[in-house]
Amino acid sequence: MTQYALVGDIGGTNARFALVRPGSVVLEHVDTLQCSEYDNIDAACSAYFSRVGIAGIERACLAFACPVQGEVINMTNNHWHFSRTGLAEQLGLKQLKLVNDFTAMALGMLHIGEDDKIQVGVGQSLEGAARLVIGPGTGLGVSGLVKANDDWIPLSTEGGHISFAPADDVEIDLWRALVTRFGRVSVERILCGQGLLNLYQILSERRGSEIVCQSPAAVSIAAVEGSDPVAVEALSRFCRILGGVAGDNVLTLGARGGVYLCGGILPRVAEFFLQSEFWRAFEDKGRFTDYMQAVPVWLCTAENPGLLGAAALDNSEVTG
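Quick caveat, the model's predicted, so the values are computed rather than measured.

## A closer look at the packing of aromatic side chains
Enumeration over the complete set of coordinates arrives at eight aromatic pairs. Plain terms: the ring middles of F273 and F278 are 5.0 Å apart, the flat faces sit at 55 degrees to each other, and that makes the pair tilted. Each member of the pair, F273 as well as F278, carries the same accessibility label: buried. Taken together, the aromatic side chains of F273, F278, W279 and F282 make up a single cluster linked through ring pairs. The ring of F182 carries the charged tip of R189 above its face, separated from the ring centre by 4.0 Å. One cation-aromatic arrangement involves R256 over Y291; the distance from NZ or CZ to the ring centre is 4.6 Å.

Laid out in structure tokens, this is it:
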């Protein structure tokens, strides 16, 4: 069974694993574990091996929602921390690649099918131009794809931690409330699961309304069902702010090739999102409105794009 390699997509909440054969991006034995149930990544990997009944894995490519350049890795949105060398020794690996989760996500976009994405707006991709990959989940991931000869090079960034720029009086009030809580306000303080709950709580306080929803999932459900006006406002504002942030990143990267919207939140509220003000905020860039209107945007609905990207990286010459 050692012909298999382990691939993983590890975020703040979920650790997704699969096995792939050499030269393939076909995922086998896909499974998802809850990060909170394991002390560290090695325990989660060992549990996965036991669940699928396999041993003797010698190669792994694991994508993490945090910086992965150093010897010691500290997860941004959960309690896991470990060393590269220690993990390889604990799992008996001869080759271990570590990559940022949205670097893997970006490569995964090259392997999803047409049925795994929904186009937003009417833009057309400019051939050979850079593409932006961005998406809210437990955190906010940001990456990109840049063409180099016949290959696409994924970018490793921490773009979710750029500063939040309010666009109107409501967002100025949001910014002030978040400054009181956190000091500096990054866009990830808003554009993630906890960020959606932050929005709901602050908007409830602003309205003088009772805080009914106690989790991001509860806010999403209440917004989609229309059962809580503040939840509707919170998710609407979430989508609008995401549009502005995605648009800013398009201008920074020159992403005329298009934008892939990924992450765990948007597919669950897809219908609501498609009716939101995302596109209005995305294209609202003053003198560059026409530039933005020409950029295509796709909502990715594929189940495991990060694992697909990790599989592609396992087969590449890139070292982690």
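So, next bit.
## Let's talk about the pattern of salt bridges
Under the defined criterion, the tally for this structure stands at 14 salt bridges. Here E28 and R21 are joined by a salt bridge, their closest N and O atoms 2.9 Å apart. You can call R21 partly exposed: its relative accessible area is 36%. R237 is the partner of D168 in a salt bridge, and the nearest nitrogen-oxygen pair spans 2.8 Å. You can see D168 sitting in the loop between β11 (151-154) and α4 (169-182) and its partner R237 sitting in helix α7 (residues 229-253), a full 69 residues away along the chain. Comparing D168 with R237, the two get one shared label, buried. Shared partners join several salt bridges into a network, and the residues in it are D168, E171, R237, R240, E277 and R280.

## A word on unusual backbone geometry
Unusually for a residue other than glycine, H29 sits at a positive phi of about 55 degrees. Examined against the element boundaries, H29 turns out to sit in strand β3 (residues 28-34). Given a relative accessible area of 40%, H29 falls into the partly exposed group. The backbone phi angle of N149 is positive, close to 55 degrees, even though this residue is not glycine.

## Some thoughts on the layout of surface pockets
Size it by volume and the largest pocket reaches roughly 1100 Å³. P136, G137, T138, G263 and G264 are, among the 50 residues lining the largest pocket, the residues nearest its centre. Listing elements by their share of the lining of the largest pocket, those giving two or more residues are β2 (14-20), α3 (101-108), β9 (131-136), β10 (140-148), α5 (193-207) and α6 (216-225). At five residues, α6 tops the list of elements feeding residues into the lining of the largest pocket. Classifying every residue of the lining of the largest pocket by side-chain character gives 19 nonpolar, 24 polar and seven charged. Approximately 370 Å³ is the volume attributed to the second largest pocket. Mapped onto the lining of the second largest pocket, the elements with two or more residues apiece are α7 and α9 (278-283). Top element by residues in the lining of the second largest pocket is α7. It accounts for six residues.

What counts and what doesn't
- Residues numbered from 1 in each chain as written.
- Predicted model: local features only at pLDDT ≥ 70, side-chain atom pairs only at ≥ 80, totals over all residues.
- Heavy atoms only, no water.
- Phe/Tyr/Trp six-rings, centres within 6.5 Å; stacked < 30°, edge-to-face > 60°.
- Buried < 20%, exposed > 50% of the residue type's maximum accessible area, 1.4 Å probe, protein only.
- Lys NZ or Arg CZ within 6 Å of the ring centre and 35° of its normal.
- Salt bridge = Lys/Arg side-chain N within 4 Å of Asp/Glu carboxyl O.
- Helix = DSSP H or I, 4+ residues; strand = E, 2+ residues; numbered from the N terminus.
- 1 Å grid on protein atoms, 1.4 Å probe; cavity = no way out; pocket = protein on both sides within 12 Å on 5 of 7 lines; lining within 4 Å.
- Points joined across faces, edges and corners; volume = space filled by probe spheres on them.
- Nonpolar A, V, L, I, M, F, W, Y, C, P; charged D, E, K, R; others polar.

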